[in-house]
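# Architecture at a glance
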Protein chains: 2
Amino acid sequence: MTNNSVPTLDDVARRAAVSTATVSRCLNSPEQVSKATRARVDDAVKALGYTPNFGARVMAAKRTNTIGAIIPTMENAIFARGLQAFQDGLRAKGYTLLVASSSYKSDLEEEQVRALIARGADGLLLIGHDRSKTILSYLAARNVPALVAWAHDPEAVLPSIGFDNFEAMFNLACKVIAFGHRKIGLISAAIESNDRARARVMAVRHAMDQADISPGNLHIIETEYGIETGAMAFQQLVESGTVPTVVFCGNDVLAVGAMKQAQKMGFNVPSDISITGFDDIEIARVVSPELCTVHVPHRKMGARAADILIDMVEGHPYPHTTQLDASLEIRGSLSAAPK
Amino acid sequence: MTNNSVPTLDDVARRAAVSTATVSRCLNSPEQVSKATRARVDDAVKALGYTPNFGARVMAAKRTNTIGAIIPTMENAIFARGLQAFQDGLRAKGYTLLVASSSYKSDLEEEQVRALIARGADGLLLIGHDRSKTILSYLAARNVPALVAWAHDPEAVLPSIGFDNFEAMFNLACKVIAFGHRKIGLISAAIESNDRARARVMAVRHAMDQADISPGNLHIIETEYGIETGAMAFQQLVESGTVPTVVFCGNDVLAVGAMKQAQKMGFNVPSDISITGFDDIEIARVVSPELCTVHVPHRKMGARAADILIDMVEGHPYPHTTQLDASLEIRGSLSAAPK
DNA sequence: GCGTTAAATGTAAGGGCTTACATTTGGCAA
DNA sequence: TTGCCAAATGTAAGCCCTTACATTTAACGC
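Here goes a summary of the coordinates provided. (Residues numbered from 1 in each chain as written. Chains lettered and ligands numbered in written order. Predicted model: local features only at pLDDT ≥ 70, side-chain atom pairs only at ≥ 80, totals over all residues. Heavy atoms only, no water.)

Glancing now at the relation of the copies chain A and chain B. Superposing chain A onto chain B takes a rotation of 180 degrees plus a shift of 0.6 Å along the axis, which leaves an RMSD of 0.8 Å. This pairing of chains is accounted for by a two-fold axis. The C-alpha atom lying nearest the rotation axis in chain A is that of A:G55; the distance is 2.1 Å. Interface overlap between copies: 87% of the residues of chain A at the interface are likewise at the interface in chain B, consistent with a symmetric, same-surface contact. (Least-squares fit on C-alpha atoms with pLDDT ≥ 70 in both. Contact = heavy atoms within 4.5 Å.)

Right, dumping it as structure tokens:
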């Protein structure tokens, strides 16, 4: 080792008086090396403060042990939570996480897919199934495994892990309808390019249909993610026609915004208007009344996603789709429809 | 190009009838190449579907254009928010983000520092100044620039961007004391190994000292991050002796837990007990009464951190410390002390 | 003690790119 | 036309690992 620079494998080998191959084996498959040699090498590594050169390692091994995740935004607590669990799962198996965000824009997502692959990601975690053919074939051509989370669709090309957005919202809607609600509002995230939002809207429609409620009784407002936007959407909903007796919201954050706005406008929640959310994040239990919502196992999903994606990357068998349960959380913000 | 494998620089060079150096220059500093040649090379690149080999590139250039961030946890909204802004800033300048989390444990942080450097991070974003000498010298030896965020300390070895935790909390404490509060509770995150928490506690002490309030009037409970733990800490505080007239909390999440618990135990907030938070995340405005807190510019900090760290990595001049303002948000959860 | 085999270790060949330095080209002033 | 210089391009030396294959060592049964 030239005395001022970063130590290399060679330096370690020389110091431990073994070949570079042995040092490499100590690092990558220690079981192949005798105990005594291993100890000597470990000492040398420690003494020199050696860390393998990443580029050289990638080049020789053709793997980076890095997994990329492209999520809409970390500011959304559900993704932050899932991503945290995902990262923990990755770390446990020696992988590192590359993060990029798409801001819910599919062209940005494409750019990020290319960026992460160019950066050497061995595998990719994506959100939802909405995705252009172009990017799908790019993934295939580069032979990079990708797993979709927060969605469940056995028919889709890419393997996925998630829950059935349609079914979960359908169950909630049936419950709500059983409470006597007929005039229904719905505040949703952008439906185009968001298959989860789409499925949830369709579920409400389907439940209404099954209960013989005319589709004309459903009023939908699309808006962006946020408490403020939820509040504005609620106001819009109320001002634009008949006041609904229940407002479904695409997620808890929108629901909290809607609830706050409802209360501000003098409605009593739930006796005048019921409000429901989706996700069951902390905020749902903090507001009063507590928010009726759908509990989604975000952490579990993140953790399982890590295991599955690693199996994919390492060529082990893995399930094409994994379905998790999303359960109803009936809480104070839902009650019978007013007479 | 052997007809079945991934194309290399060589293949492109051959096809465009130039040298590999020229192709490389086309990709990395196109202004050095004549227009005609560039066009020919671009065509070849496109025709072959060439993407540079990441490992080789890293090895030759000794840079990955990747920045690592080690944060306690993404589940904490303040870090999620800051990290999102950080990532956006990175992306704008062609860098990619590697994420690891320390769970507030310094040994885990050390492990992650090594892991991210081993993965080729060109620079590192760290939280707070508490850090062992070992890791500091490792960073120095590897010559990897690191920037500390969420803290401001001109004396510290590592450059930093943040606000003065002491000053911010001190200002809040003075305000609170001016409201007549003398019996003071404080719910804090673990003080050891968290310089932000420590500074905030010291600030309250200092403000009390300045107002001639005996240190005996301060009761501190240390607990982990979370709404539940905040609630438990509040209960503990109340049950373990004199009931305070104000409870400072180390962050908004703890504060919301404390407030909920206070209300559950029959206290009126703020007329019986005032409660304050720190951070000013969304949840602070959702609870009622709204939470009095300190506003921290998390997004701005993340964005600026990206710019500074890139300057460090690229060898441009940069400020050793950057201080941002944290402003008081006096809201409904704080009022005069009861008589 | 010998032969056989498995375990441990060594040798050396890539792997694809960047870049310092060398060389060629071309434009322009005299 | 000549000479000079800057611009454009080429040459080839690394960069530091991993791993296939070769060699040495150790263990064991007879």
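Picking up where we left off.
Further remarks concern the packing of aromatic side chains. Residue and element names in this part refer to chain B. Applying the stated criterion across every chain, the model contains nine aromatic pairs over all chains. Consider the rings of F79 and W150, whose centres lie 4.9 Å apart with planes at 70 degrees: the pair is edge-to-face. Within this pair, whereas F79 is found in helix 5 (residues 77-92), its partner W150 is found in the loop between strand 4 (146-149) and strand 5 (160-162), the two being separated by 71 residues in sequence. The pair F79 / W150 is uniform in exposure class, with both members buried. Note on F166 and F170: the rings are 6.1 Å apart at their centroids and 10 degrees apart in plane angle, and the pair reads as stacked. A residue pair is termed a helical-turn pair when its members lie 3 or 4 positions apart in one helix, as F166 and F170 do in helix 8 (residues 165-178) at four residues. (Phe/Tyr/Trp six-rings, centres within 6.5 Å; stacked < 30°, edge-to-face > 60°. Helix = DSSP H or I, 4+ residues; strand = E, 2+ residues; numbered from the N terminus. Buried < 20%, exposed > 50% of the residue type's maximum accessible area, 1.4 Å probe, protein only.)

Residues and elements named next belong to chain B. It is at 10 Å that the axes of helix 2 (residues 20-28) and helix 3 (residues 35-48) come closest, and there the two elements cross at 90 degrees. Between helix 2 and helix 3, the interaxial angle falls into the category roughly perpendicular. Between helix 2, through T22, V23, C26 and L27, and helix 3, the contact on the second element is made entirely by T37, R38, V41 and V45. Residues of the contact of helix 2 with helix 3, tallied by class, amount to five nonpolar, two polar and one charged. (Axes fitted to C-alpha atoms, helices over the stretch in contact; angles between N-to-C directions. Parallel < 35°, antiparallel > 145°, perpendicular 65-115°, else oblique. Nonpolar A, V, L, I, M, F, W, Y, C, P; charged D, E, K, R; others polar.)

Next up on the list: the protein's contact with DNA strand D. The full set close to DNA strand D counts 23 residues, and A:L9, A:S24, A:Y50, B:S19 and B:T37 are the nearest of them. In the interface set of DNA strand D, defined as its atoms within 4 Å of the protein, sugar plus phosphate atoms amount to 61%. Interatomic distance of 2.5 Å between a side-chain N/O atom of A:S24 and a phosphate oxygen of DNA strand D. A distance of 2.9 Å is found between a base nitrogen of DNA strand D and a side-chain nitrogen or oxygen belonging to B:R25. Elements with a contribution of two residues or more to the surface near DNA strand D: helix 2 (20-28) and helix 4 (54-61) of chain A together with helix 2 and helix 4 (54-61) of chain B. Split by residue class, the surface near DNA strand D holds eleven nonpolar, nine polar and three charged. (Near = heavy atom within 4 Å. Polar contact = N/O pair within 3.5 Å; in protein donor to acceptor, adjacent residues only side chain to side chain.)

Turning to the pairing of strand 3 (residues 123-127) of chain B, a few remarks are in order. On any regular strand, side chains alternate: one points to one face of the sheet, the next to the other face. All names here are of chain B. Burial runs high along strand 3: five of the five residues are buried. Of the two faces of strand 3, the one carrying G123, L125 and I127 and the one carrying L124 and L126 are both buried. Examined bridge by bridge, strand 1 (residues 66-71) and strand 3 share four bridges and lie parallel to one another. Paired with A69 across the bridge in strand 3 is L125. For the segment spanning strand 3, helix 7 (residues 133-142) and strand 4, crossover handedness is right-handed. (Pairing = 2+ DSSP bridges. Right-handed = clockwise from strand over helix to strand, strands pointing away.)

Now for empty space enclosed by the protein. All names here are of chain A. Per the counting criterion, the structure on display carries three cavities of 30 Å³ or more. What the largest cavity holds in volume is close to 200 Å³. In terms of lining residues, the largest cavity is bounded by 19 residues, among which A189, N194, R200, G250 and N251 are the most central. Mapped by element, the contributors of at least two residues to the lining of the largest cavity are helix 5 (77-92), strand 6 (184-188) and helix 9 (195-210). Looking at the lining of the largest cavity, its residues break down into eleven nonpolar, five polar and three charged. Of the residues that make up the lining of the largest cavity, three or more belong to each of domain 2 (66-163 + 298-325) and domain 3 (165-296). For the second largest cavity, the calculated volume is near 160 Å³. What lines the second largest cavity is a set of 15 residues, and nearest its centre among them are S102, Y104, E109, I127 and S193. (1 Å grid on protein atoms, 1.4 Å probe; cavity = no way out; pocket = protein on both sides within 12 Å on 5 of 7 lines; lining within 4 Å. Points joined across faces, edges and corners; volume = space filled by probe spheres on them. Domains from an automatic or database assignment.)

Let's shift gears to helix 7 of chain B. Residue and element names in this part refer to chain B. What helix 7 keeps buried is the set I135, Y138, L139 and R142. Looking down the long axis of helix 7, one finds its buried residues gathered within 100 degrees of arc, a one-sided arrangement. Those residues of helix 7 that are exposed and aimed more than 90 degrees away from the buried face are K133, A140 and A141. The elements touched by buried residues of helix 7 are helix 6 (106-118), strand 3 and strand 4. One or two residues past the end of helix 7 sits N143, with phi positive at roughly 60 degrees. (Arc of directions from axis to C-beta.)

We now examine helix 10 (residues 227-239) of chain B. Residue and element names in this part refer to chain B. Between the first and last C-alpha of helix 10 there are 19 Å, a value that for 13 residues agrees with the 18 Å anticipated at 1.5 Å per step. Within the sequence span of helix 10, burial applies to I227, T229, G230, A231, A233, F234, L237 and V238. Residue G241 follows helix 10 closely and has a positive phi angle near 150 degrees. (Expected span 1.5 Å × (residues − 1).)

On to the sheet that holds strand 7 (residues 218-222) of chain A, then. All names here are of chain A. Sheet architecture is open: four strands sit in the order 7-6-8-9, paired in parallel fashion. Both outer strands of the open sheet, strand 7 and strand 9 (274-276), are each paired with one neighbouring strand and no more. Adjacent strand axes in the sheet meet at a mean angle of 15 degrees, parallel and antiparallel pairs treated alike. Examined bridge by bridge, strand 8 (residues 246-249) and strand 9 share three bridges and lie parallel to one another. Bridged to V246 within strand 9 is S274. Against the sheet, helix 9 makes contact with strand 6, strand 7 and strand 8, and its axis sits at roughly 170 degrees relative to strand 6, the strand it touches most. Packing of helix 10 (residues 227-239) onto the sheet brings it into contact with strand 6, strand 7, strand 8 and strand 9, and relative to strand 6 it is tilted by some 150 degrees.

Contacts between the two partners involve 46 residues from chain A, matched on the other side by 41 residues from chain B. Where chain A abuts chain B, roughly 3,900 Å² becomes buried across the two surfaces, and 55% of that area is made up of carbon and sulfur atoms. On the chain A side of the contact with chain B, A:M74, A:R119 and A:V286 bury the most area, a combined 16% of that side's loss. Linking chain A with chain B are six salt bridges. Applying the counting criterion to the chain A and chain B interface returns 25 residue pairs in polar contact (both at pLDDT 80 or more). Where the side of chain A that touches chain B is concerned, the elements lending two or more residues are helix 4, helix 5, strand 2 (96-101), helix 6 (106-118), helix 11 (252-264) and helix 12 (283-286) of chain A. Looking at the side of chain A that touches chain B, its residues break down into 22 nonpolar, 14 polar and ten charged. Where strand 2 of chain A and strand 2 (residues 96-101) of chain B come together, three bridges link them in antiparallel fashion. Note that in strand 2 of chain B the partner of A:L98 across the bridge is B:L98. (Buried area = accessible area lost by both parts, 1.4 Å probe. Salt bridge = Lys/Arg side-chain N within 4 Å of Asp/Glu carboxyl O.)

In the vicinity of DNA strand C, 24 residues are found, and the nearest of them are A:S19, A:T37, B:L9, B:S24 and B:Y50. When the atoms of DNA strand C within 4 Å of the protein are sorted by group, sugar and phosphate make up 56%. Counting only elements with at least two residues in the surface near DNA strand C, the list comes to helix 2 and helix 4 of chain A together with helix 2 and helix 4 of chain B. Across the surface near DNA strand C, the residue classes tally to twelve nonpolar, ten polar and two charged.

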